[in-house]
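Below are the chains, spelled out letter by letter.
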Amino acid sequence: RKEVEQDPGPFNVPEGATVAFNCTYSNSASQSFFWYRQDCRKEPKLLMSVYSSGNEDGRFTAQLNRASQYISLLIRDSKLSDSATYLCVVNENNFNKFYFGSGTKLNVKP
Amino acid sequence: DVKVTQSSRYLVKRTGEKVFLECVQDMDHENMFWYRQDPGLGLRLIYFSYDVKMKEKGDIPEGYSVSREKKERFSLILESASTNQTSMYLCASSSGTENEKLFFGSGTQLSVL
């Protein structure tokens with residue numbers, strides 16, 4: 001079983017739509033959670049950290065559900081520029097060990 | 001802002017060549033990592049280092065070695081490049097403190113012919 005699992009998509013949505021991705025993790029001892037965005041042939045860039053209380057940054061909202069061991073990313077009012085692959089990243093109780101989901105591809109269409 | 005710099009964006013090498021991929025970070029981070037990323041396989045950890053001259057194998061170390069002589073620099077070495085090492089190589093660093101995130105370099109697309 002993979003440490004971190006994501007639906008690979010693609011999610012094809014029109015501009016202005018709201019879209020949500022989930023990511024499940026297997027180790028209940030996981031400590032830190034992140035969403036990264038990766039454009040084609042570029043490096044992953046941090047989109048947002050995910051805190052226990054949930055957090056919001058503009059059109060993006062991230063939530064953590066420890067009981068069910070998943071994190072989510074909600075994007076409101078999708079823009080064409082949101083088209084990318086979104087990686088879920090989990091850090092376990094070991095600051096050297098990061099686990100990556102395989103990414104969810106989002107295509108926002110005009 | 002943290003800057004992680006990889007020496008080459010694109011590299012083409014021949015089978016059997018020795019290949020050096022260099023990575024430098026400017027934020028005095030303790031931890032540095034080398035990943036490779038392949039379609040359908042996601043990011044896989046090759047090696048990481050938590051201090052100067054310290055290194056640990058990741059999930060796929062075979063065919064690779066690393067060097068960390070200075071805190072800011074972490075090198076990945078392919079002793080004898082093979083075609084199955086054609087991939088995107090990503091260097092990353094982190095401070096090693098709680099809740100600290102990873103910062104990535106811009107990647108090196110290596111093609112071994």
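Summary of the structure given here. (Residues numbered from 1 in each chain as written. Chains lettered and ligands numbered in written order. Predicted model: local features only at pLDDT ≥ 70, side-chain atom pairs only at ≥ 80, totals over all residues. Heavy atoms only, no water.)

### Describing the overall build of chain B
The line we're drawing: Here a helix means four or more residues in a row that DSSP labels H or I, a strand means two or more in a row labelled E, and each is numbered from the N terminus. Using C-alpha atoms as the atom set, the radius of gyration is obtained and then compared with a globule rule of 2.2 Å times the number of residues to the power 0.38. For every residue, the accessible area obtained with a 1.4 Å probe (protein chains only) is divided by the maximum for its type, and the residue is called buried under 20%, exposed over 50%, and partly exposed between those limits. Whether two residues touch is decided by their heavy atoms; if any such pair falls within 4.5 Å, the residues are in contact. Methods summary: accessible areas were calculated by the Shrake-Rupley approach with a probe of 1.4 Å, and residue burial reflects only the protein chains presented. Only four residue types enter the charge count: Lys and Arg as positive, Asp and Glu as negative, with His and the chain ends excluded. In this description, the location of a charge corresponds to atom NZ of lysine, CZ of arginine, CG of aspartate or CD of glutamate.
Looking only at helices and strands, chain B has zero helices and 11 strands in total. Reading chain B from its N end, one meets helices and strands in the order β-β-β-β-β-β-β-β-β-β-β. A globule of 113 residues ought to have a C-alpha radius of gyration of about 13 Å, and chain B, at 13 Å, matches this closely. Viewed in the frame of its principal axes, chain B has a C-alpha envelope of about 40 × 30 × 25 Å. A burial count over chain B gives 50% of its 113 residues as buried. Residue pairs in contact within chain B that sit at least 24 positions apart in sequence constitute 55% of those at least 6 positions apart. For chain B, the computed accessible surface area is about 5500 Å², with 48% contributed by carbon and sulfur atoms. Averaging the locations of the 15 positively and 16 negatively charged side chains of chain B gives two centres separated by 6 Å.

### Structural notes on the sheet that holds strand β8 (residues 73-78) of chain B
Each strand in a sheet pairs with its neighbour through backbone hydrogen bonds, running either in the same direction (parallel) or in the opposite one (antiparallel). All names here are of chain B. Let me state the cut-off plainly: Strands are labelled as partners when DSSP assigns at least two bridges between them. Interaxial angles span 0 to 180 degrees and are taken between N-to-C directions of axes, which are lines fitted to C-alpha atoms, for helices over the stretch in contact.
Taken in spatial order, the four strands line up as β1-β3-β8-β7 in an open sheet, and their pairing is antiparallel. Since the sheet does not close on itself, it has two edges, and those belong to β1 (4-6) and β7 (64-70), each with one partner. Taken over all neighbouring pairs, the strand axes of this sheet differ in orientation by 20 degrees on average, direction set aside. Here strand β3 (residues 19-25) runs beside β8; their pairing, made up of six bridges, is antiparallel. The residue of β8 that forms the bridge with L21 is L76.

### Some words on the packing of aromatic side chains
Under the convention used in this document: When the centres of two rings from Phe, Tyr and Trp lie within 6.5 Å, Trp using its six-membered ring, the rings pair. Their planes under 30 degrees apart give stacked, over 60 give edge-to-face, and anything left gives tilted. Our definition puts a charge over a ring when NZ of Lys or CZ of Arg is within 6 Å of the ring centre and also within 35 degrees of the ring normal.
Taken as a whole and assessed by the stated rule, the structure comprises 12 aromatic pairs over all chains. Ring plane angle 90 degrees and centroid distance 5.8 Å describe the contact between Y36(A) and F104(B), whose orientation is recorded as edge-to-face. Placement of Y36(A) in strand β4 (residues 32-38) and of F104(B) in strand β10 (residues 103-104) is noted, with the two residues assigned to different chains. You can call Y36(A) buried: its relative accessible area is 1%. With a centroid separation of 6.0 Å and 20 degrees between ring planes, the pair formed by F33(B) and Y35(B) is classed as stacked. Of the two residues examined, F33(B) and Y35(B), each falls in the buried class. Grouped by ring-pair contacts, the aromatic residues F34(A), Y36(A), F98(A), F100(A), F33(B), Y35(B), F48(B) and F104(B) constitute a single cluster. Between R9(B) and the ring centre of Y10(B), over which it is positioned, the NZ or CZ distance is 5.3 Å.

### Thoughts on the pairing of strand β11 (residues 108-112) of chain B
Residues and elements named next belong to chain B. A one-sided burial pattern is seen for β11, the buried positions being T108, L110 and V112 and the unburied ones Q109 and S111. Pairing of strand β9 (residues 87-94) with β11, which is carried by three bridges, proceeds in the antiparallel orientation. Pairing of S87 across the sheet is with L110, part of β11.

### Comments concerning the interface of chain A and chain B
What counts is decided by this rule: Take the accessible area each of two parts loses on contact, using a 1.4 Å probe, and add the two losses: that sum is the buried area. In what follows, salt bridge is the name for a side-chain nitrogen of Lys or Arg lying within 4 Å of a carboxyl oxygen of Asp or Glu. N or O atoms within 3.5 Å of each other form a polar contact, as long as, within protein, one can give a hydrogen and the other can take it, and as long as residues adjacent in sequence are counted only when both atoms are side-chain atoms. When residue character is reported, Ala, Val, Leu, Ile, Met, Phe, Trp, Tyr, Cys and Pro are called nonpolar, Asp, Glu, Lys and Arg charged, and the others, Gly included, polar.
Facing the 17 residues of chain A at the interface are 23 residues of chain B. Between chain A and chain B, the buried area comes to about 1700 Å², and carbon and sulfur atoms account for 58% of it. Across the salt bridge formed by K97(A) and D59(B), the nearest N and O atoms sit 3.7 Å from each other. Counting the contacts that link chain A with chain B gives three residue pairs in polar contact (both at pLDDT 80 or more). Contributing elements (two or more residues each) for the side of chain A that touches chain B: β4, β5 (45-50) and β10 (98-100) of chain A. For the side of chain A that touches chain B, the per-class residue count stands at eight nonpolar, five polar and four charged.

### Section: the nonpolar core
For clarity, the cut-off: For this analysis, a nonpolar core means a set of buried residues of the types Ala, Val, Leu, Ile, Met, Phe, Trp, Tyr and Cys, connected via side-chain atoms within 4.5 Å.
Ranked by size, the top nonpolar core spans 24 residues in total, and within it F21(A), W35(A), I71(A), L73(A), I75(A), Y86(A) and L106(A) carry the most contacts. Going through the elements one at a time, β3 (19-25), β4, β5, β7 (60-65), β8 (70-75), β9 (84-91) and β11 (104-109) of chain A are the ones with two or more residues in this core. Look past the residues within four positions of F21(A) in its chain and what remains in contact with it is F11(A), W35(A), I71(A), S72(A), L73(A), I75(A), Y86(A), T104(A) and L106(A). Formed by 20 residues, the second largest nonpolar core is a distinct cluster that contains C23(B), L76(B), L78(B) and C91(B).

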